[in-house]
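The chain contents come next:
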Amino acid sequence: MNRDPFEELFGASNRDAHESASAPVPARERLAYEQAERVRTSQLPASKRTSPTDPDDGSGDRAARAKPWIVVGIVAVLAIIASIVILNLARGPQEAPQPTTEPTTTQTPQTSSPATPDDQDDDDDSDADQPSGPPAVDVGPTYDMAIGPWNATSQISQRFGAVNFNIPDGVNLVLTSDLLSSFPDSCAAMRQGWGATKTATGYEVLKPATRCTAAPELYDEVWGLTDAWVQTIR
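Criteria and thresholds
- Residues numbered from 1 in each chain as written.
- Predicted model: local features only at pLDDT ≥ 70, side-chain atom pairs only at ≥ 80, totals over all residues.
- Heavy atoms only, no water.
- Phe/Tyr/Trp six-rings, centres within 6.5 Å; stacked < 30°, edge-to-face > 60°.
- Helix = DSSP H or I, 4+ residues; strand = E, 2+ residues; numbered from the N terminus.
- Lys NZ or Arg CZ within 6 Å of the ring centre and 35° of its normal.
- Salt bridge = Lys/Arg side-chain N within 4 Å of Asp/Glu carboxyl O.
- Buried < 20%, exposed > 50% of the residue type's maximum accessible area, 1.4 Å probe, protein only.
- Core = buried A, V, L, I, M, F, W, Y, C linked by side-chain atoms within 4.5 Å.
- Contact = heavy atoms within 4.5 Å.
- pLDDT = per-residue confidence, 0-100.
- Polar contact = N/O pair within 3.5 Å; in protein donor to acceptor, adjacent residues only side chain to side chain.

Student: Help me out: how do you make sense of the packing of aromatic side chains in this one?
Tutor: Each pair of aromatic rings is reported with the distance of its centres and the angle of its planes. Summed over all chains, the structure comprises 3 aromatic pairs. Between Tyr219 and Trp223, the ring centres sit 6.2 Å apart and the planes meet at 70°, which makes this aromatic pair edge-to-face. Note that Tyr219 and Trp223 are positioned in helix 7 (residues 216–230) at a spacing of 4 residues, about one turn of the helix. An aromatic cluster is present here, built from Trp194, Tyr219 and Trp223 joined pairwise through their rings. One Lys or Arg, Lys207, reaches over the ring of Trp223 and ends 4.8 Å from the middle of that ring.

Student: Explain the pattern of salt bridges to me, please; I cannot follow it from the model alone.
Tutor: Scanning the model with the defined rule gives 3 salt bridges in all. Note that Arg191 and Asp185 form a salt bridge whose closest N and O atoms lie 2.7 Å from each other. Overall, the relative accessible area of 67% leaves Asp185 in the exposed class. Note that Arg211 and Asp220 form a salt bridge whose closest N and O atoms lie 2.7 Å from each other. Take Asp220: its relative accessible area is 18%, and that puts it in the buried class.

Student: What is the right way to read the nonpolar core from this model?
Tutor: In a soluble, globular protein the nonpolar side chains are often hidden away together inside. Counting residues in hydrophobic clusters, the biggest one holds 27 residues, and the most contacted among them are Ile147, Phe183, Trp194 and Trp229. Elements with a minimum of two residues in this core: strand 1 (142–147), strand 2 (152–157), strand 4 (172–177) and helix 7. A per-element tally of this core places helix 7 first, with 7 residues. Other than its neighbours up to four places away in sequence, Trp229 contacts Met145, Ile147, Ser154, Gln155, Ile156, Leu173, Leu175, Gly195 and Ala196.

Student: Explanation requested: the confidence of the model for the protein chain in the structure shown.
Tutor: One rule of thumb: low pLDDT means the predicted coordinates there are not for detailed reading. For the protein chain, the mean per-residue pLDDT works out to 76, and 62% of the residues sit at or above 70. pLDDT under 50 marks residues 47–54. Its contacts with residues more than four places away, or in other chains, come to 4 contacts. Counted against residues more than four places away or in other chains, residues 108–128, with its pLDDT under 50, gives 5 contacts.

Student: Even after reading the chapter, I still don't get the environment of Thr142, so can you show me in this structure?
Tutor: The topology assignment puts Thr142 in strand 1. On the basis of relative accessible area, Thr142 is assigned to the partly exposed category, the value being 35%. In contact with Thr142, other than residues within four places in its own chain, are Gln155, Ile156, Ser157 and Gln158. Engagement of the side chain of Thr142 in a polar contact is seen with the side chain of Gln155, the distance being 3.4 Å.

Next comes the structure, spelled out in structure tokens:
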């Protein structure tokens, strides 16, 4: 069939193309075309499967709407962290422990002057000072003691223990006893320094001139017992 010269130059007219497109396609050819299209589509990359004309599934809109909230959340977290850091920096100098200043006390050194020999002598003198009268003592049980040279009798305390006496000059009676022997060696002279002195008016206590500083209690006891014995001489 001869073709129209105009058709050879300009191609088929729109009418002819429309008629060919509107012509029915056999079912077998249409099925083969659909299968070939599916095979071609499955071989394309995923990015190319969706054409720009494909309808939007809504994920892009959701991502666009979520972006402002993500930014706001990040800014809020950064603001909270910054406020905590600033608060800690501001609180640090205030809560720093202040150094406590302990009160200083100045102690004045006490100077003590060494005791001089005069002071020691004064102490010895004070110890040697004797009371104005004989101390009061518990005499306890007594027994008779005759004084033959004076033709006298007396009552002496048993606290003296075994008693002996002598009258070397006829005036001074010197006692010796267990109690008097108990004076320490520093007062050994007092072991035979006690007794009685006969006077024109009666009898007086014979005793040492100084007090025994090593045994002041024994000294007072002997003095009291000797005075009680002298008062019984008749």
